[in-house]
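Working through the structure, step by step
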Amino acid sequence: PADPDQPTAAAHPAARSVPLESVPAVTTATELNALLRAPDVHPWLCVWATADWCTPCKRLQPGWRSLAEPDGDSHAAFAGKVTFAVADLTQEAEESASDGSTLSEVLSITTLPTFVLFHTPSGRESARAEGAAHKRPARRLFMMLKETVT
């Protein structure tokens, strides 16, 4: 597969569409929980927590597209195994989960960007990659997926 750090050129009903074409977006904890329980979600769900004001997130967008979109250069490695979604925290919705927690609290977000990988049958977090201070963050995400999913 292509290097996800290099720029490259089916929204779920439980999620709203965002500019990443076919990648569903979640803006509330309720939407995330619905996506985790949806019958047509692959065994793994990779959620990218991002915000419009996050400059490192903007720099990661080409690498994310390469992995998440069906026509992305690195997508084939995870096709049929991973559903990708974006948690847009730009204007975190007032709506919270049934226990009162917000989406960023449910995802335990302490920095952006953050990638969280869930094992959907159990609904539990399996892996996490946080921040963009390290070299080649999109490659780090690719390797996290490769080590956990394959």
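Residues numbered from 1 in each chain as written. Predicted model: local features only at pLDDT ≥ 70, side-chain atom pairs only at ≥ 80, totals over all residues. Heavy atoms only, no water.

1. Describing the overall build of the protein chain
- In terms of regular secondary structure, the protein chain is built from four helices and six strands.
- Its helices and strands in sequence order give the protein chain the pattern β-β-α-β-α-β-α-β-β-α, from N to C terminus.
- Residues counted as buried form 49% of the 150 residues belonging to the protein chain.
- Of the roughly 7,300 Å² of accessible surface on the protein chain, a fraction of 51% belongs to carbon and sulfur atoms. (Helix = DSSP H or I, 4+ residues; strand = E, 2+ residues; numbered from the N terminus. Buried < 20%, exposed > 50% of the residue type's maximum accessible area, 1.4 Å probe, protein only. Areas by Shrake-Rupley, 256 points an atom, 1.4 Å probe, with all protein chains shown as cover.)

2. A closer look at the packing of aromatic side chains
- Evaluated as defined, the whole model comprises five aromatic pairs.
- Between Trp48 and Phe115, the aromatic rings sit 6.0 Å apart at their centres with planes inclined by 15°, giving stacked as the arrangement. Remark: Phe115 occurs in strand E5 (residues 114–119) and Trp48 occurs in strand E3 (residues 44–50); sequence separation between them is 67 residues. The pair Trp48 / Phe115 is uniform in exposure class, with both members buried.
- Between Trp64 and Phe84 the ring centres are 5.5 Å apart and the planes differ by 85°, which places this aromatic pair in the edge-to-face class. Taken as a pair, Trp64 in helix H2 (residues 55–68) and Phe84 in strand E4 (residues 82–88) lie far apart in primary sequence, 20 residues in all. For the pair Trp64 and Phe84, a shared accessibility class is recorded, and that class is buried.
- Clustering of aromatic rings is evident, with ring pairs tying together Trp48, Trp64, Phe84 and Phe115. (Phe/Tyr/Trp six-rings, centres within 6.5 Å; stacked < 30°, edge-to-face > 60°.)

3. Considerations on the confidence of the model for the protein chain
- The predicted model of the protein chain averages 80 in pLDDT, with 79% of residues at 70 or higher.
- Per-element averaging of pLDDT across the protein chain places strand E1 (residues 16–17) at the bottom with 32 and E5 at the top with 95.
- With pLDDT under 50 throughout, residues 1–19 is counted as low confidence; its partners more than four residues away or in other chains account for 48 contacts. (pLDDT = per-residue confidence, 0-100. Contact = heavy atoms within 4.5 Å.)

4. Points about the state of the cysteines
- Applying the stated criterion across every chain, the model contains one disulfide.
- Disulfide partner of Cys54: Cys57, at an S-S distance of 2.3 Å. Looking down the S-S bond of the Cys54 and Cys57 bridge, the torsion is 75°, so its handedness is right-handed. Summarising the burial analysis for this pair, Cys54 and Cys57 share the class buried. (Disulfide = S-S within 2.5 Å.)

5. Things to note about the nonpolar core
- Trp64, Phe84, Leu107 and Leu145 are the most contacted members of the largest nonpolar core, which totals 43 residues.
- Setting aside residues up to four positions removed in sequence, Leu107 forms contacts with Leu32, Val47, Ala87, Val116, Phe118 and Arg128. (Core = buried A, V, L, I, M, F, W, Y, C linked by side-chain atoms within 4.5 Å.)

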